[in-house]
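If you want the building blocks of each chain, they are given just below.
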Amino acid sequence: MAEVPRVLRSEWTKIKSVRSTMWTLGTAVLVTIALGMLICTLVRVDFGSKSINQQITFDPTNVSFTGMTLGQLAMIVFGVLVVANEYSSGMIRTSLAAVPQRATFLFCKLLVATALVLVVGLVTSFAAFFAGQAVLGEHRAYLSDPGVLRAVIGGGLYMTLIALFSMAVASMLRSAMLSLGVLMPFFFLISSILGNVSATRKLGRYLPDQAGQKIMQVIAPVNDPVPYGPWGGLAIMMGWTAVALAGGFLVLKKRDA
Amino acid sequence: MIELEGLTKYYGDTLAVDHLTFTVRPGMVTGFLGPNGAGKSTTMRMMLDLDHPTEGTVRIDGKHYRQLNDPLTYIGALLDAKAVHGGRSAVNHLLCLAQSNGIPRERVGEVLDTVGLTSVADKRSKGFSLGMSQRLGIAAALLGDPKILLFDEPVNGLDPEGIHWIRNLMKNLAAQGRTVFVSSHLMSEMALTAEHLVVIGQGRLMADMSMAEFIQQNSRSYVRMRSPEPERLLDVLHVEGIEAVAVGNGSLEIDGVPADELGGLAARHQLVLHELSPQRASLEEAFMRLTAESVEYHAHDGEPVAAYAGTQEPAPSGWGADWQKKGS
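Every value quoted in this text rests on a predicted model; they were computed, and no experiment measured them.

1. Some words on a nonpolar patch on the surface
Residues and elements named next belong to chain A. Where nonpolar side chains cluster on the molecular surface, the patch consists of L70, F188, L189, I190, I193 and V197 and spans about 510 Å² of accessible area. Top contributing element to the nonpolar patch by residue count: helix α9 (residues 176-196), with four residues. Positionally, I190 belongs in helix α9. The partly exposed category is assigned to I190, whose relative accessible area is 41%.

Put into structure tokens, the structure is as follows:
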């Protein structure tokens, strides 16, 4: 039987010995922080011209996470590449010959990648928050304000789940091109379209990213009652991820490598 | 020791491997021979539990692959040399494999040294030539110092020096008492390295015997005669009750009569001979005959065996001579 600590160490060597890890995670960190700061600058300049209502419901915490809409795409690329690179290179046969217990292999790989993403996601989330608040100046929020710490930690959890969901989808589709072709347009376009058109909004709310993003809100927007709270939203996202993981595991177990 | 029992694999409706039963024994190189598409690679993937058999089992020292503790220390395999992540350096590729099976880190340097890749250990394998990738794959196979080694077409893409190196490596590994199982579609390659032969065609077992037995059963010796008066030569032979077969370009092939006797006969009848040469049909031909019916991808014009025999004209200097040397 393959021993879990050994497989974990092996997967850690794999992940840190390819450049795509550095590039994708680095991009996710930079884009999330930089874009968040840019949006915060624009919001601050524009603040006086907003209506009273908009000023009351202004959520400085959430605004500093705006960069995540773009930054999460780099997280998706990371998640997809971690898994799909095994298939595109044929490395999967070498890997499975070394670790024939496929459940051990897959979950050790995902555990190592997820742990790394969790650290990077939390650092990014805190950095994006502090940088964004610094830019917002007088309109800023503080970590000690109610709900803010939860939102900032939630930002890190959200990025982690996006990456893990992408890993699971890539284990099902076994191809980087196919996985990115499904995930990119889904998270960048389809989800926001479904969430912003009133006819489909009720449905769009239950999509993994829309539900998960709820945890980063401190002040709920008006006229948009959502049937779940911040943790409820994250639980919905975890549900999606769990289903995708089960699918990915079944594909790996049943199919020839 | 690898034991296959009734191993069968369907891809959809296509039968790729058809009830294969044979045993690969330690202490010798076993050649696994078959034309392209015969099911060699599929069989090897099933040995490593990468492809699931439709029916039948593979046992490695009596165990299923999945039951092996640290499988790389039991069985090392080179399936596809390009099956590495190109962005990873040679040393990291081997290191992650070593770590997964509890193999000490020093072993990575040792196997890199064995295959001669020490100087490029830190280079990304993307830039490796096919020959270098092949060596890296062999390093991975040797990593766990396994008792059993599988090589799928290991000489593909290697230069003559590399081919020579790998032949010696396989023989040495077998001499150390290990089980070495090598696939090839070239009989000539097997004749130089393998002591035992397993031949398959269209997924079915065609032969499972020692190389010596295979040579004895399949290499036909005959005498080739060529004369400017082929009609008279045929008549003379006919009168003596010797059967001759005309093969294109005016040559005759005679089975079962030694060359000196035929020479004497021609002299007595004052026949001019342009050629009188003892021949041995090549093992390559024997292999072609054996698998002719099972070849999956035929070229369209002509009978494959006849076409081959035609191109086989200057046979004696071919590899047939090599195995004779090896046998002696």
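2. Considerations on the packing of helix α2 (residues 90-100) of chain B against helix α4 (residues 130-142) of chain B
All names here are of chain B. Taken N-terminus to C-terminus, the directions of α2 and α4 make an angle of 25 degrees; their axes are 10 Å apart at the nearest point. With respect to α4, the axis of α2 lies roughly parallel. Two packed elements cross with a definite hand, and for α2 against α4 that hand is right-handed. Residues A90, H93, L94 and L97 of α2 pack against L136, A139 and A140 of α4. Across the contact of α2 with α4, the residue classes tally to six nonpolar, one polar and no charged.

3. Some thoughts on the pattern of salt bridges
Residues and elements named next belong to chain B. Summed over all chains, the structure comprises 19 salt bridges over all chains. With its nearest N and O atoms 2.8 Å apart, the salt bridge here joins R66 to D49. Taken together, the residues span a long stretch of sequence, with R66 in the loop between β4 (55-60) and β5 (75-78) and D49 in the loop between α1 (40-47) and β4 at a distance of 17 residues. Residue R66 is classed as partly exposed on the basis of its relative accessible area, which comes to 38%. Taking relative accessible area as the criterion, D49 reaches 6% and is therefore assigned buried. With its nearest N and O atoms 3.2 Å apart, the salt bridge here joins R224 to E275. With a gap of 51 residues between them, R224 in strand β10 (residues 221-226) and E275 in strand β13 (residues 275-280) connect regions that are remote in the sequence. An identical accessibility class is assigned to R224 and E275; each is buried.

4. Regarding the domain arrangement of chain B
Here chain B is described as being made up of domain 1 (2-217) and domain 2 (221-280). Taking only C-alpha atoms, the centre of domain 1 of chain B and the centre of domain 2 of chain B are 47 Å apart.

5. Focus on the nonpolar core
Within the largest apolar cluster, 145 residues are counted, with the highest numbers of intra-cluster contacts made by M75(A), F78(A), I2(B), F22(B), I75(B), I138(B) and F151(B). Among residues more than four places away in sequence, those in contact with I75(B) are L48(B), I60(B), Y65(B), L68(B), P146(B), I148(B) and L150(B).

6. Some remarks on the packing of helix α2 (residues 19-46) of chain A against helix α7 (residues 102-136) of chain A
Between two packed helices, what matters for the description is the angle formed by their axes and the separation of those axes. Residue and element names in this part refer to chain A. With their axes 9 Å apart at the nearest point, α2 and α7 run at an angle of 20 degrees to one another. Comparing their axes, α7 and α2 come out roughly parallel. Crossing geometry of α2 relative to α7 is assigned as right-handed. Residue-level contacts link T21, L25, A28, V29, T32, I33, M37, C40, T41, V43 and R44 of α2 to L116, V117, V120, T124, A127, A128, A131, G132, V135 and L136 of α7. Grouping the amino acids of the contact of α2 with α7 by side-chain chemistry returns 15 nonpolar, five polar and one charged.

7. Section: the confidence of the model for chain B
Residue and element names in this part refer to chain B. Residues of chain B with pLDDT of at least 70 account for 89%, and the chain-wide mean is 86. Confidence, read as mean pLDDT per element, is least for helix α11 (residues 304-311) in chain B (41) and greatest for α2 (97). Low pLDDT, under 50, characterises residues 301-328; the predicted model gives this stretch 31 contacts beyond four residues in sequence or across chains. With a pTM of 0.84, the predicted complex shows an ipTM of 0.90.

8. Notes on the pairing of strand β8 (residues 196-201) of chain B
Residues and elements named next belong to chain B. The element β8 is extensively covered by neighbouring structure, given that six of its six residues are classed as buried. The pairing of strand β3 (residues 29-33) with β8 spans four bridges and is parallel. Residue pairing in the sheet places G31 in a bridge with L197 of β8. Pairing of β8 with strand β9 (residues 204-210) involves six bridges; the strand directions are antiparallel. Following the sheet pairing, G201 is matched in β9 by R204. Between β8 and β9, which pair antiparallel and follow one another directly, the connecting turn spans two residues, one of which, Q202, has a positive phi of 45 degrees.

9. Brief notes about the UniProt feature "transmembrane region" (unreviewed entry) in chain A
Residues and elements named next belong to chain A. Under the feature "transmembrane region" (unreviewed entry), the UniProt entry names residues 21-45, 65-84, 105-131, 151-173, 180-199 and 231-252. The span residues 65-84 shows a helical share of 85% and a strand share of 0%, and its end C-alpha atoms are spaced 28 Å apart. In residues 105-131, the share of helix is 100% and the share of strand is 0%. The end C-alpha atoms are 39 Å apart.

Scoring rules and cut-offs
Residues numbered from 1 in each chain as written. Chains lettered and ligands numbered in written order. Predicted model: local features only at pLDDT ≥ 70, side-chain atom pairs only at ≥ 80, totals over all residues. Heavy atoms only, no water. Patch = residues over 30% accessible without salt bridge, like charges linked within 9 Å, V, L, I, M, F, W, Y side chains within 5 Å. Areas by Shrake-Rupley, 256 points an atom, 1.4 Å probe, with all protein chains shown as cover. Salt bridge = Lys/Arg side-chain N within 4 Å of Asp/Glu carboxyl O. Helix = DSSP H or I, 4+ residues; strand = E, 2+ residues; numbered from the N terminus. Buried < 20%, exposed > 50% of the residue type's maximum accessible area, 1.4 Å probe, protein only. Axes fitted to C-alpha atoms, helices over the stretch in contact; angles between N-to-C directions. Parallel < 35°, antiparallel > 145°, perpendicular 65-115°, else oblique. Left-handed = near helix turned anticlockwise from the far one by under 90°. Contact = heavy atoms within 4.5 Å. Nonpolar A, V, L, I, M, F, W, Y, C, P; charged D, E, K, R; others polar. Domains from an automatic or database assignment. Core = buried A, V, L, I, M, F, W, Y, C linked by side-chain atoms within 4.5 Å. pLDDT = per-residue confidence, 0-100. Pairing = 2+ DSSP bridges. UniProt positions renumbered as here; feature names shortened; annotations may be inferred.

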